[in-house]
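Each chain, letter by letter, is given below.
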Amino acid sequence: MEPETPTALRATAVTRVSKWLKIPFRGFSFDARYADGREIYGVQVGTALKSGQYPADAHVVRTGAEAACPPMGQGPWVDYPWGRPIPPK
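Now for a description of the structure that goes with this document. (Residues numbered from 1 in each chain as written. Predicted model: local features only at pLDDT ≥ 70, side-chain atom pairs only at ≥ 80, totals over all residues. Heavy atoms only, no water.)

1. As for the pattern of salt bridges
- Tallied over the entire structure, the rule returns six salt bridges.
- Several salt bridges share partner residues, and in doing so they unite Glu-4, Asp-36 and Arg-38 into one network. (Salt bridge = Lys/Arg side-chain N within 4 Å of Asp/Glu carboxyl O.)

2. What about the packing of aromatic side chains?
- Per the stated rule, a full pass over the model turns up one aromatic pair.
- Positioned above the aromatic ring of Tyr-34, the side-chain terminus of Arg-38 is 4.5 Å from the ring centre. (Phe/Tyr/Trp six-rings, centres within 6.5 Å; stacked < 30°, edge-to-face > 60°. Lys NZ or Arg CZ within 6 Å of the ring centre and 35° of its normal.)

3. Section: a nonpolar patch on the surface
- Nonpolar side chains collect at one region of the surface, where Trp-20, Leu-21 and Ile-23 lie side by side and expose about 420 Å² of accessible area between them.
- Given a relative accessible area of 62%, Leu-21 falls into the exposed group. (Patch = residues over 30% accessible without salt bridge, like charges linked within 9 Å, V, L, I, M, F, W, Y side chains within 5 Å. Areas by Shrake-Rupley, 256 points an atom, 1.4 Å probe, with all protein chains shown as cover. Buried < 20%, exposed > 50% of the residue type's maximum accessible area, 1.4 Å probe, protein only.)

4. A closer look at the nonpolar core
- In this structure, Leu-9, Ala-11, Phe-28, Phe-30, Leu-49 and Ala-65 are the most contacted members of the largest nonpolar core, which totals 16 residues.
- Of all the secondary-structure elements, those providing two or more residues to this core are strand S1 (8-17), strand S2 (24-33), helix H1 (45-48) and helix H2 (55-68).
- With near-sequence residues (within four places) excluded, Leu-49 lies in contact with Pro-6, Leu-9, Tyr-54, Ala-58, Val-61, Arg-62 and Tyr-80. (Core = buried A, V, L, I, M, F, W, Y, C linked by side-chain atoms within 4.5 Å. Helix = DSSP H or I, 4+ residues; strand = E, 2+ residues; numbered from the N terminus. Contact = heavy atoms within 4.5 Å.)

5. A short note on the pairing of S1
- Sheet topology note: the S1/S2 ladder contains ten bridges and is antiparallel. Among the inter-strand pairings, Val-14 is bridged to a residue of S2, identified as Gly-27.
- Counted along the chain from S1 to the antiparallel partner S2, the turn is six residues long, and its residue Lys-22 has a positive phi close to 60°.
- Direction of pairing for S1 relative to strand S5 (residues 78-79): antiparallel, over a ladder of two bridges. (Pairing = 2+ DSSP bridges.)

6. A look at H2
- Between its first and last C-alpha, H2 extends 20 Å over 14 residues, near the 20 Å set by a 1.5 Å rise per residue.
- Here H2 has its buried residues at Ala-58, Val-61, Gly-64 and Ala-65. For H2, the arc enclosing every buried residue in end-on projection is 140°, short of the 170-degree limit, so these residues lie on one face. Away from the buried face of H2 by more than 90 degrees, exposed residues Pro-55, Ala-56, His-59 and Ala-67 are located.
- Contacts from the buried residues of H2 go to S1, S2 and S5. (Expected span 1.5 Å × (residues − 1). Arc of directions from axis to C-beta.)

Set out below in structure tokens:
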């Protein structure tokens, strides 16, 4: 059975340290929300969005999530496949 595609994605900005240069840089972790209301934290974004099958959709959603994310902390949910922020309820 093929895994389902999430309906929303959220990015969280974190500071990481480069393994080789030992300098800090901004990285992201991702959460996925599915149609049945499940939220899975720390997903591999390429696998969750099926970037091998739908590369354009995956790129747009990931770019939208990263753009909507504040410099540090958790960003809003963005919709799939457009990558637009979803207003909070």
